[in-house]
Amino acid sequence: MKKIIIVGNGMVGYKFCEKFVSKERRKEFKITVFGEEPRPAYDRVHLSEFFENQDAKALEMASSEWYEENGIDLIVDERVSDIHRVSKTITTAKDREFTYDYLVLATGSSAFVPPIKGVEKEGVFVYRTIEDLEGMLAYASKIKAQKPNAKAAVLGGGLLGLEAGKAVMDMGLEPHIVEFASKLMPRQLDSRSSQVLQLKLESIGLNIHLSKATNQILGNGAITGMEFGEDDALDVDMLVISAGIRPRDELGKTSGLEMGARGGIVVDNKMRTSDENIFAIGEVALYNQMIYGLVAPGYEMATIAVNQILGEESTMADNI
């Protein structure tokens, strides 16, 4: 029986599993999935809904039982630390070794944290995982108990940043969006659309600060404000960073796979890396010089990788 190891149990890693178990030949393969987080795959697109009910289960894409019923070994809370391509083995941070015939890298991305002075202070969070959100909720409760009119800023005026702004508002904090560009959602919207959006958001209580470059995070130990320039600062008690993503491609680098100049593991239109036994899918994969930070292309990549392993012919379209 051939062994497939999937590194990463996010939405795209889960989709690979779902597609694979629907195939006739699935019984010829043994699948093991590694997730770094302490729970099975969940819907990161709807992460902000966690603030409404604080029910992580409601976001789950499939239960632990689903993996078991489908003969998949799901190993959570364990990071894969090394790939040994010659012996076709992987090692985990718990110093365990596993062999593979095919390896699928679905490690996704991590939040990009700009190199701002003071960014390590208490009260500064990224908006990426359920654990991040739990930390934010706990910190919000603490600061509200000390200061009922506490303020929180979100660094980044993209889609996820605006979601984070709504989340901050739902936590009962005065919300502020801080964006480096001169308009909100600068990649997606033209100036007029962005202005319409800004007016709408301001009408529901979001404070928008545009054309702001953060020089440093103020505070002694814990955040008390953000400084943008001389005599230009914003007092805040908490900061959520939503300034973009970076592919989690370190396994590709350390194992000598072909990498993009600015990150990402290079794949062809069959989702193969420079090693024919290793595939990369989702936000870690660099296809046509692009990292696709959306779920739909990631699902397409998962489908193609499944088909390739099973010997079925399918390739990625060039115009996704």
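Sequence order as written defines the numbering, with residues in each chain counted from 1. With pLDDT at 70 or above as the cut-off, local features in this predicted model cover only qualifying residues; side-chain atom pairs require 80 or more to be listed or tallied, and sums for whole chains, interfaces and linings still use all residues. Only hydrogens and water are removed before side-chain values are computed, so all heavy atoms of the structure are retained for them.

(A) Fine view of the sheet that holds strand 18 (residues 265-266). Strand order in the open sheet formed by three strands is 18-20-21, and the pairing between neighbours is mixed. In the strand order of this sheet, the two ends are held by strand 18 and strand 21 (290-291), each with one partner. Direction of pairing for strand 20 (residues 285-287) relative to strand 21: antiparallel, over a ladder of two bridges. Bridged to tyrosine 287 within strand 21 is methionine 290. In this description, strands pair whenever DSSP reports at least two bridges between them. Helix and strand assignments come from DSSP, with helices taken as H or I runs of at least 4 residues and strands as E runs of at least 2, each series counted from the N terminus.

(B) Main features of the nonpolar core. Ranked by size, the top nonpolar core spans 52 residues in total, and within it Ile4, Phe16, Leu105, Met271 and Ile281 carry the most contacts. Note on definitions: a residue-residue contact is assigned when non-hydrogen atoms from the two residues lie within 4.5 Å. Dropping the residues within four chain positions of it, isoleucine 4 is found in contact with Phe16, Phe20, Phe29, Lys30, Ile31, Thr32, Tyr102, Val104 and Ile309. Definition used in this section: a nonpolar core is a set of buried Ala, Val, Leu, Ile, Met, Phe, Trp, Tyr and Cys residues joined via side-chain atoms within 4.5 Å. Residue burial is assigned from relative accessible area. The probe radius is 1.4 Å, only protein chains are included, and a residue is buried under 20% of its type maximum, exposed over 50%, and partly exposed in between.

(C) Focus on the pairing of strand 11 (residues 174-178). Judged by how many residues are buried, strand 11 sits mostly within the fold: four of five residues are covered. Here strand 10 (residues 151-155) runs beside strand 11; their pairing, made up of five bridges, is parallel. Within strand 11, the position partnered with alanine 153 by the bridge is histidine 176. Considered for its hand, the β-α-β crossover made up of strand 10, helix 6 (residues 159-170) and strand 11 is right-handed. Looking down the strands as they point away from the viewer, one classifies a crossover as right-handed if the path from the first strand across the helix to the second runs clockwise. Handedness of the crossover joining strand 11 and strand 12 (residues 207-209) through helix 7 (residues 191-203) is recorded here as right-handed.

(D) Structural context of the sheet that holds strand 14 (residues 225-229). Spatial ordering of the open sheet is given by 13-14-15, a layout of three strands whose pairing is antiparallel. What marks the edges here is a single partner per strand, and that holds for strand 13 (216-218) and strand 15 (232-235). When the angles between neighbouring strand axes are averaged without regard to direction, this sheet yields 25 degrees. In terms of strand pairing, strand 13 meets strand 14 through three bridges, oriented antiparallel. Residue pairing across strands places isoleucine 217 opposite methionine 226, the latter belonging to strand 14. Note on definitions: angles span 0 to 180 degrees between N-to-C directions of axes, and those axes are lines fitted to C-alpha atoms, for helices only across the stretch in contact.

(E) The pairing of strand 14, seen in detail. The element strand 14 is largely enclosed, with a buried count of four among its five residues. Counting the residues in the hairpin turn of strand 13 and strand 14 gives six residues, including glycine 219, whose phi is positive at 130 degrees. In this structure, strand 14 lies alongside strand 15, joined through four bridges in antiparallel fashion. The residue of strand 15 that forms the bridge with methionine 226 is leucine 234.

Scope: geometric values only; no functional claims are made or implied.
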